[in-house]
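Observations on the model geometry
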Amino acid sequence: MGKDFKTPDKVIYVCTGSKCKKKGGKENGKILRNLIKENGLKGQVEVVKTECTDRCDFAPVMCFQPDNYWMHHVTEEQARQAFQEHAAKVKPEK
């Protein structure tokens with residue numbers, strides 16, 4: 001019938017509205033997707049690009065769920081560190 005519908009343990013929402021995208025949101029999303037691959041967490045952690053979150057003055061913005069950890073003015077280094085603290089703790093599938 002097809003593939004099973006699986007939900008990830010963790011979701012990282014990355015705003016890619018116009019201001020967030022211009023200020024690094026798109027690059028942060030790419031970094032996070034690469035970290036998921038490097039850590040063997042595909043299927044367990046997912047990056048979801050969102051449209052504008054109405055927090056343009058704080059761009060770029062991202063949120064880690066289910067921790068409800070919101071970040072603003074996120075640099076690439078901060079994105080990497082937050083990934084380690086909020087997403088990498090999921091055990092990789094074998």
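Residues numbered from 1 in each chain as written. Predicted model: local features only at pLDDT ≥ 70, side-chain atom pairs only at ≥ 80, totals over all residues. Heavy atoms only, no water.

The next subject is unusual backbone geometry. Geometrically, the link from Ala-59 to Pro-60 is a cis peptide bond, its omega value of -5° lying close to zero. Within the secondary structure, Pro-60 sits in the loop between strand E2 (45-50) and strand E3 (62-65). The omega torsion of the bond from Gln-65 to Pro-66 falls at 15°, within 30 degrees of zero and hence cis. With respect to the helices and strands, Pro-66 occurs in the loop between E3 and strand E4 (69-71). Of note, the phi angle at Asp-54 is positive, near 60°, even though the residue is not glycine. Its location among the elements puts Asp-54 in the loop between E2 and E3. Here the phi dihedral of His-73 falls at roughly 50°; this positive angle occurs in a residue that is not glycine. Summarising the element assignment, His-73 is placed in the loop between E4 and helix H2 (76-86). (Helix = DSSP H or I, 4+ residues; strand = E, 2+ residues; numbered from the N terminus.)

On to the nonpolar core, then. With 17 residues, the main nonpolar core has Ile-12, Leu-32, Val-45, Met-62, Phe-64 and Phe-83 as its most contacted residues. When residues of this core are assigned to their parent elements, the largest contribution, four residues, is made by helix H1 (residues 18-38). For Met-62, the residues in contact, after removing those within four places along its chain, are Tyr-13, Val-14, Asn-28, Leu-32, Tyr-69, Trp-70, Met-71, Val-74 and Ala-79. (Core = buried A, V, L, I, M, F, W, Y, C linked by side-chain atoms within 4.5 Å. Buried < 20%, exposed > 50% of the residue type's maximum accessible area, 1.4 Å probe, protein only. Contact = heavy atoms within 4.5 Å.)

Here we take up H2. Listed as buried for H2 are Ala-79, Ala-82, Phe-83 and His-86. Within H2, the buried residues cover an arc of 105° as seen down the axis, which keeps them to one side. (Arc of directions from axis to C-beta.)

Within this structure, the stated rule accounts for one aromatic pair. Residues Phe-64 and Tyr-69 carry aromatic rings whose centres are separated by 6.3 Å and whose planes lie at 50° to one another, so their mutual orientation is tilted. A relative accessible area of 1% places Phe-64 in the buried class. When the ring centre of Trp-70 is taken as origin, the NZ or CZ atom of Arg-55, which lies over that ring, is 4.3 Å away. (Phe/Tyr/Trp six-rings, centres within 6.5 Å; stacked < 30°, edge-to-face > 60°. Lys NZ or Arg CZ within 6 Å of the ring centre and 35° of its normal.)

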